[in-house]
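This is what each chain is made of:
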Amino acid sequence: PFSAIIAKRRVDPGDWVQEGTPVLDIVSSDDLEVVADVPANLLAYVRKGDSAILRAAAEESKATITGIVPSLDSVSRTARIRISPNKAERWLRPGAAISAEFAIHYSGKGVVVARDALLAGPVSTKVVRIKDGVAEMIEVKILATASKSALVAAQGKLAEGDQVVTRGNERLRPGQKVRIAK
């Protein structure tokens, strides 16, 4: 038993129902849980008990990862992470679209780049690195993304401190000379 609010009535009074037929959708009025669907490869880098931030429009709330569901959705092939807000906020409503941000524990070789540096192609994702004034296409694997950055792996071809193009990168070709303007 728990305190709840009826969110939706699925049958009308007097309707015949069979055993197991959903009658009502109820929502807990005390406990709120956010379910985030994430790429399956991210599960290995997320820990139960870690901090998270929930955002919607101009609102923000601190939260905690309370569960990791290891099974995948059969259609989207994503996994679920359960996140509980640290305190009740009026703007956190069941069914609302929000974003969740949390740290990942990645011990492999990865580099953080601006999301604007990513060039999504039909087969792979690349970034344009500038080396000695020349554009170079580097294929990357996206490990995780945040609002403005992404953690990528490039099999040692990209290192921290490398210059990557964030604007106009879709117009550059490998070997093209580039002049950096600030």
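What you see is a predicted model, and the numbers here were worked out from it, not measured in a lab.

**Digging into the sheet that holds strand E7 (residues 99-102)**
At step 1: Taking strand neighbours across the sheet as the criterion, the 5 strands line up as E3-E6-E5-E4-E7 in an open arrangement whose pairing is antiparallel. Among the strands making up the open sheet, the edge pair consists of strand E3 (34-39) and E7. Neighbour to neighbour, the strand axes of the sheet diverge by 40° on average, direction disregarded.
At step 2: Summarising the sheet, strand E4 (residues 51-56) and E7 pair through 4 bridges and their orientation is antiparallel. Residue Arg-55 lies in a different strand from E7, and its bridge partner there is Ser-99.

**Some points on the side chain of Thr-78**
At step 1: Summarising the element assignment, Thr-78 is placed in strand E6 (residues 78-85).
At step 2: Side-chain polar atoms of Thr-78 contact the side chain of Ser-76, separated by 2.7 Å.
At step 3: Among all residues touching Thr-78, those that are not within four sequence positions of it are Asp-37, Val-38, Ser-71, Leu-72 and Asp-73.

**Let's talk about the environment of Ala-79**
At step 1: Mapped onto the secondary structure, Ala-79 falls in strand E6.
At step 2: Residues Ala-79 and Val-69, spaced 10 residues apart in sequence, show a C-alpha to C-alpha distance of 6.4 Å.
At step 3: Setting aside residues up to four positions removed in sequence, Ala-79 forms contacts with Ala-36, Asp-37, Val-38, Leu-43, Val-69, Ser-71 and Leu-72.

Reading the values: rules and limits
- Residues numbered from 1 in each chain as written.
- Predicted model: local features only at pLDDT ≥ 70, side-chain atom pairs only at ≥ 80, totals over all residues.
- Heavy atoms only, no water.
- Pairing = 2+ DSSP bridges.
- Helix = DSSP H or I, 4+ residues; strand = E, 2+ residues; numbered from the N terminus.
- Axes fitted to C-alpha atoms, helices over the stretch in contact; angles between N-to-C directions.
- Polar contact = N/O pair within 3.5 Å; in protein donor to acceptor, adjacent residues only side chain to side chain.
- Contact = heavy atoms within 4.5 Å.

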